[in-house]
Amino acid sequence: SQQGEEDPQALSIQEGENATMNCSYKTSINNLQWYRQNSGRGLVHLILIRSNEREKHSGRLRVTLDTSKKSSSLLITASRAADTASYFCARNSGGSNYKLTFGKGTLLTVNP
Amino acid sequence: DGGITQSPKYLFRKEGQNVTLSCEQNLNHDAMYWYRQDPGQGLRLIYYSQIVNDFQKGDIAEGYSVSREKKESFPLTVTSAQKNPTAFYLCASNDIRGEQFFGPGTRLTVL
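These figures come from a predicted structure and were not determined experimentally.

J.: Hey, could you go over the sheet that holds strand β3 (residues 19–24) of chain A for me, with residue numbers and the actual values?
T.: All names here are of chain A. Spatially, the five strands line up as an open sheet ordered β1-β3-β8-β7-β6, and their pairing is antiparallel. Two strands lie at the open edges of the sheet, namely β1 (5–7) and β6 (55–58), each paired on one side alone. Sheet twist, expressed as the mean angle between neighbouring strand axes with direction ignored, is 20°. Judged from the four bridges that link them, β6 and strand β7 (residues 61–66) form a sheet pairing that is antiparallel. Within β7, the residue paired with H57 across the bridge is R62.

Shown next as structure tokens:
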């Protein structure tokens, strides 16, 4: 089942602009993770945010988590053409394993 | 792609054939996963293994089988019972923080 849903499904911006992608989920989480996928390639881990955290940064990436609204957002600042990719959120519900449930992703296109 | 290799990159299957996709990791991770990705979609979990000689079904295990005889290896067999196997298959493993590392994928096409 895919319980993480990204919004929007597709986003097109100009280089230098900021890109914001949102993710909603339905059940409780242990952590939520964001991944990037270039066309036809494997996924690359970007950021993991735990349920007791509200914000994390990594370079030009900023992730926020609102567990009361069951939502997360990924902000990419000062976007570059090389940021063009699909971005997925994935939630881990904890327990005895690290299983992830992925959303359908947001396709980001950054135009030079 | 983080120390995980998948082979082959492209695979073609005839109707009624079983095919096996290879996944190897040198990251010393205990847990490994197989996902299926269809065009424009997210990843769906086929099987996962948390330790050698143990594995569990994911959300779409029907028509697939796996083995985990070695920590480094987690091959996936797509059997003839899988009626719509054309897809992109991704293998992953995770570290103790839960971050998953992915292989480059195998694109399977049914002829």
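J.: So what about the environment of E55 of chain A? Which residues, and what values?
T.: Residue and element names in this part refer to chain A. Mapped onto the secondary structure, E55 falls in strand β6. Separated by 16 residues in the primary sequence, E55 and S71 have C-alpha atoms spaced 12 Å apart. E55 has contacts with I49, R62, V63 and T64, leaving out every residue within four places of it along the chain. At 2.6 Å, the side chain of E55 and the side chain of H57 are in polar contact. A polar side-chain atom of E55 sits 3.2 Å from a polar atom in the side chain of R62.

J.: Can you explain the pairing of strand β2 (residues 10–13) of chain B? Please cite residues and give values.
T.: Residues and elements named next belong to chain B. Here β2 shows one buried face, formed by L11 and R13, and one open face, formed by Y10 and F12. The pairing of β2 with strand β11 (residues 106–110) spans four bridges and is classified as parallel. For L11, the partnering residue across the bridge sits in β11 and is L108.

J.: Can you explain the interface of chain B and chain A? Please cite residues and give values.
T.: A common way to express how large an interface is: the accessible area buried when the components associate. Taken together, the contact pairs 26 residues of chain B with 21 residues of chain A. Summed over both sides, the interface of chain B with chain A buries roughly 1,900 Å², with 49% coming from carbon and sulfur. Looking at the side of chain B facing chain A, the largest losses of area belong to L43, Q100 and F102 of chain B, adding up to 22% of the total buried there. Inspection of the region where chain B meets chain A yields four residue pairs in polar contact (both at pLDDT 80 or more). Put simply, the parts of the chain that give the side of chain B that touches chain A at least two residues each are β4 (31–37), β5 (43–51), β9 (87–94) and β10 (100–102) of chain B.

Procedures and definitions
- Residues numbered from 1 in each chain as written.
- Chains lettered and ligands numbered in written order.
- Predicted model: local features only at pLDDT ≥ 70, side-chain atom pairs only at ≥ 80, totals over all residues.
- Heavy atoms only, no water.
- Pairing = 2+ DSSP bridges.
- Helix = DSSP H or I, 4+ residues; strand = E, 2+ residues; numbered from the N terminus.
- Axes fitted to C-alpha atoms, helices over the stretch in contact; angles between N-to-C directions.
- Contact = heavy atoms within 4.5 Å.
- Polar contact = N/O pair within 3.5 Å; in protein donor to acceptor, adjacent residues only side chain to side chain.
- Buried < 20%, exposed > 50% of the residue type's maximum accessible area, 1.4 Å probe, protein only.
- Buried area = accessible area lost by both parts, 1.4 Å probe.

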